[in-house]
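The primary structure of each chain is shown beneath.
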Amino acid sequence: MCLGIPGQITAITDRELQMAMADVSGVRREVSLAPVVSGDLDELIGAWVLIHVGFAMAVIDEHEAAETLEALKGLGEAQETLEQMAEGERAFAEARS
């Protein structure tokens, strides 16, 4: 099953490649905004998006994001995904050191 997990865009990291930093329940992850860009990238800072395999697939509102996170937590999906993301961040940080 393929699930998107809600994240909030916190910063633009590469304008040319349309990449941004997203906060997913406290875990930061770089994602591609290419599928959701319709204007100025800065308009997406603070926006909630559904993220799947590193791509922001849809812009959603904060209420929908909260409901989706709750539903995923109830299914146990969110915790597993967040743990995998955190592990990936740790491995990336160690590789850069």
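Criteria and thresholds
- Residues numbered from 1 in each chain as written.
- Predicted model: local features only at pLDDT ≥ 70, side-chain atom pairs only at ≥ 80, totals over all residues.
- Heavy atoms only, no water.
- Helix = DSSP H or I, 4+ residues; strand = E, 2+ residues; numbered from the N terminus.
- Buried < 20%, exposed > 50% of the residue type's maximum accessible area, 1.4 Å probe, protein only.
- Contact = heavy atoms within 4.5 Å.
- Areas by Shrake-Rupley, 256 points an atom, 1.4 Å probe, with all protein chains shown as cover.
- Salt bridge = Lys/Arg side-chain N within 4 Å of Asp/Glu carboxyl O.
- Patch = residues over 30% accessible without salt bridge, like charges linked within 9 Å, V, L, I, M, F, W, Y side chains within 5 Å.
- pLDDT = per-residue confidence, 0-100.
- Pairing = 2+ DSSP bridges.

Draft legend 1. Highlighting the overall build of the protein. Along the protein, the regular secondary structure elements total two helices and five strands. Mapped from its N terminus to its C terminus, the protein presents α and β elements in the order β-β-β-β-β-α-α. Classification of the 97 residues of the protein by burial places 32% in the buried group. In the protein, of all internal contacts separated by at least 6 residues, the share reaching a separation of at least 24 is 45%. Counting only carbon and sulfur atoms, one obtains 51% of the accessible surface of the protein, whose full area is about 6,000 Å².

Draft legend 2. Here's a closer look at the side chain of Ser 32. Inspection of the secondary structure puts Ser 32 in strand β3 (residues 27-32). In this structure Ser 32 comes out as buried when scored by relative accessible area, which is 7%. With residues near it in sequence (within four places) discarded, Ser 32 still touches Gln 18, Met 19, Gly 54, Phe 55 and Ala 56.

Draft legend 3. Geometry of the pattern of salt bridges. Using the criterion set out here, one finds one salt bridge in the structure. When the shortest N-O distance is used, the salt bridge between Asp 42 and Arg 15 registers 2.8 Å. In this pair, Asp 42 is assigned in the loop between β3 and β4 (48-52) and Arg 15 in the loop between β1 (5-14) and β2 (19-24), connecting sequence segments 27 residues apart. Judged by relative accessible area, which is 47%, Arg 15 ranks as partly exposed.

Draft legend 4. Region of interest: a nonpolar patch on the surface. A cluster of nonpolar side chains, Val 53, Phe 55 and Met 57, forms an exposed patch at the surface whose accessible area comes to about 300 Å². Mapping Met 57 onto the fold places it in strand β5 (residues 55-60).

Draft legend 5. Local environment of the confidence of the model for the protein. Across the protein, the average pLDDT comes to 86, with 88% of residues at 70 or higher. Confidence, expressed as mean pLDDT per element, reaches its minimum in the protein at helix α2 (residues 77-96) with 69 and its maximum at β1 with 96.

Draft legend 6. View of the pairing of β2. Of all six residues making up β2, five are buried, and the element is well covered by its neighbours. The pairing of β1 with β2 spans five bridges and is antiparallel. Of the residues in β2, the one forming a bridge with Ala 11 is Met 21. A loop of four residues connects β1 with β2, the two strands running antiparallel in sequence, and Gln 18 in this loop sits at a positive phi of about 60 degrees. Bridging between β2 and β3 involves six bridges; their strand directions are antiparallel. What sits directly across from Asp 23, in β3, is Arg 28. Where β2 folds back on β3, the antiparallel hairpin that results is connected by two residues, among which Ser 25 adopts a positive phi of roughly 50 degrees.

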